[in-house]
Amino acid sequence: PLSTQDDVAATLVQDHNLPTYAIKGEDQATYYSHLQAVLNTRPQFTMDDGCDLVHMLHTEKQGLLKGVFGGTEETTTGVVRLRAMVKKNALKYPVIAVNEAMTKHFFDNRYGTGQSTLDGIMRATNLLFAGSTVVVAGYGWCGKGVSMRAKGMGAQVVVTEIDHIRALEAIMDGFRVMTMEEAAKIGDIFITVTGNKHVLRREHFAVMKDGAVIANAGHFNVEIDIPALAKNAVARQIVREFVEGFRLKDGRTLFLIADGRLVNLSAAEGHSASVMDMSFANQALAAEYLVKNRGKMKKEVYNVPENIDREIARLKLAALGISVDHLTDEQKSYMDTWEEGT
Ligand code: NAI
């Protein structure tokens with residue numbers, strides 16, 4: 001609801017004659033009516049980001065399913081939902097998980113989200129990261145990027161995780177790891193990037209410092225339990241565009257950015273074109289692959305074929321004017337044989 005850029009939507013309609021259903025700031029009902037409007041065009045192919053459209057197609061719009069031969073999914077959360085559908089035999093056409101391509105999540109999720117999340121928080125608040133304690137919930141691809149960039153800005157970064165391996169990675173990358181229960185007490189800025197629900201909730205709000213800033217760059221608007229925050233507030237005030245203060249009974253005020261929706265899309269402009277080019281190349285080439293293999297694929301979630309992924313990396317490097325070395329014949333045969341020894 002907050003991620004549309006209205007000028008972009010307008011140019012798609014006016015200059016490219018593409019029916020477009022999106023308005024920045026639309027409410028939940030309008031958001032769903034727009035998904036319906038998209039499906040009413042009877043698509044043969046879906047290119048989704050978060051799986052809401054695919055979900056609607058498989059529930060209230062099932063009648064349209066027979067016309068659809070394939071689809072792609074952009075983000076981590078959408079892929080998780082699609083895999084859950086496959087487990088229950090609910091998915092009715094093949095979908096390529098663009099997110100799983102190396103040339104997508106290594107770069108878009110890490111460097112794109114890393115930069116644009118900080119950009120969103122800075123534009124919304126004009127706070128100084130240097131010297132502040134930033135708590136990052138989730139050390140996945142997005143969390144790594146956000147933590148790395150916050151550290152680069154001079155913040156002390158604390159990571160919270162549920163996965164032991166990811167927690168260890170965070171430790172060895174030089175961050176402090178603790179539970180959210182502990183981190184809630186010391187954070188100045190909280191950023192959720194878990195893909196999960198209610199990662200920040202009542203017991204955390206109860207111990208946060210006065211003036212703490214809370215933002216989400218992960219999953220829709222569910223990572224922060226906003227109803228719980230609202231329930232405990234005696235007053236709410238929009239203090240700047242995209243910044244809402246929740247004054248609690250004990251006098252503390254917590255600041256929620258962009259209604260808890262993806263802060264980088266709401267308060268900034270999302271990722272730079274120079275990282276989205278790889279994600280969208282994956283989208284385009286995955287779509288082409290599905291068209292070429294129409295009727296031959298199962299109703300499953302597929303990864304982007306590795307040759308496509310590698311070709312995108314090659315093209316991106318070529319676009320940057322960077323060359324890499326090639327194996328010599330001697331090296332090739334060394335790598336291919338097991339007899340040679342050291
Ligand atoms: P990921 O799966 O690599 O990482 C998520 C991490 O969160 C995992 O390490 C997991 O163990 C951890 N986690 C789960 N529940 C947790 C909890 N309760 N507390 C602490 N940690 C928890 O996923 P990735 O690629 O980093 O994506 C994260 C979210 O960001 C997804 O919802 C994805 O759709 C979204 N995303 C947002 C973008 C944006 O532009 N804002 C761009 C790309 C992805």
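Below is a short write-up of the structure. (Residues numbered from 1 in each chain as written. Predicted model: local features only at pLDDT ≥ 70, side-chain atom pairs only at ≥ 80, totals over all residues. Heavy atoms only, no water.)

## Quick look at the overall build of the protein chain
Phase 1 of the analysis: The helix and strand tally for the protein chain stands at 14 helices and 12 strands.
Phase 2 of the analysis: Reported as C-alpha extents along the three principal axes, the dimensions of the protein chain are approximately 70 × 60 × 40 Å.
Phase 3 of the analysis: Counting only residues that meet the buried cut, the protein chain has 45% of its 342 residues in that class.
Phase 4 of the analysis: Taking contacts inside the protein chain between residues at least 6 apart in sequence as the whole, the part at least 24 apart equals 64%.
Phase 5 of the analysis: Here the protein chain displays about 18400 Å² of accessible surface, and carbon together with sulfur accounts for 54% of that area.
Phase 6 of the analysis: Computed over 38 positive and 42 negative side-chain charges, the inter-centroid distance for the protein chain is 6 Å. (Helix = DSSP H or I, 4+ residues; strand = E, 2+ residues; numbered from the N terminus. Buried < 20%, exposed > 50% of the residue type's maximum accessible area, 1.4 Å probe, protein only. Contact = heavy atoms within 4.5 Å. Areas by Shrake-Rupley, 256 points an atom, 1.4 Å probe, with all protein chains shown as cover. Lys, Arg positive; Asp, Glu negative; His and termini not counted. Charge placed at Lys NZ, Arg CZ, Asp CG, Glu CD.)

## With respect to the packing of helix 5 (residues 102-125) against helix 12 (residues 273-292)
Phase 1 of the analysis: Two elements in contact, helix 5 and helix 12, have axes separated by 9 Å at closest approach and are oriented at 145 degrees. Crossing geometry of helix 5 relative to helix 12 is assigned as left-handed. Here T103, K104, F107, D108 and G112 of helix 5 lie close against helix 12, whose contacting residues are V275, M276, M278, S279 and N282.
Phase 2 of the analysis: For the contact of helix 5 with helix 12, a count of residues per class yields four nonpolar, four polar and two charged. (Axes fitted to C-alpha atoms, helices over the stretch in contact; angles between N-to-C directions. Left-handed = near helix turned anticlockwise from the far one by under 90°. Nonpolar A, V, L, I, M, F, W, Y, C, P; charged D, E, K, R; others polar.)

## Here's the deal with the side chain of T117
Phase 1 of the analysis: As for its position among the elements, T117 is in helix 5.
Phase 2 of the analysis: Aside from chain neighbours lying at most four places away, what touches T117 is V146, I191, A217, V263 and N264.

## Here's the deal with the site of the ligand
Phase 1 of the analysis: Taken together, 26 residues form the shell around the ligand, and within it T75, T76, T77, E161 and N264 come nearest.
Phase 2 of the analysis: Within the side chain of T77, an N or O atom sits 2.5 Å from an oxygen atom of the ligand.
Phase 3 of the analysis: In this structure, W141 approaches the ligand through a main-chain N or O atom, which is 3.1 Å from an oxygen atom.
Phase 4 of the analysis: Bound to the protein, the ligand loses 86% of the 870 Å² it would expose on its own.
Phase 5 of the analysis: When residues of the shell around the ligand are traced back to their parent elements, those giving at least two are helix 4 (76-87), helix 5 and helix 6 (141-152).
Phase 6 of the analysis: Among the residues making up the shell around the ligand, the classes are represented as eight nonpolar, 15 polar and three charged. (Near = heavy atom within 4 Å. Polar contact = N/O pair within 3.5 Å; in protein donor to acceptor, adjacent residues only side chain to side chain.)

## Topic: a nonpolar patch on the surface
Phase 1 of the analysis: Taken together, the side chains of L168, I171 and M172 present a nonpolar region at the surface, about 340 Å² in accessible area.
Phase 2 of the analysis: In this structure, L168 sits in helix 7 (residues 164-172). (Patch = residues over 30% accessible without salt bridge, like charges linked within 9 Å, V, L, I, M, F, W, Y side chains within 5 Å. Salt bridge = Lys/Arg side-chain N within 4 Å of Asp/Glu carboxyl O.)

## With respect to the pairing of strand 8 (residues 213-216)
Phase 1 of the analysis: Here strand 8 shows no split at all, with V213 and A215 on one side and I214 and N216 on the other all buried.
Phase 2 of the analysis: Where strand 7 (residues 189-192) and strand 8 come together, four bridges link them in parallel fashion. Each residue of the ladder has a partner; that of T192, found in strand 8, is N216.
Phase 3 of the analysis: In terms of strand pairing, strand 8 meets strand 11 (residues 253-257) through two bridges, oriented parallel. Residue pairing across strands places V213 opposite F255, the latter belonging to strand 11. (Pairing = 2+ DSSP bridges.)

Honestly, that's just the spatial picture; any functional story needs more than this.
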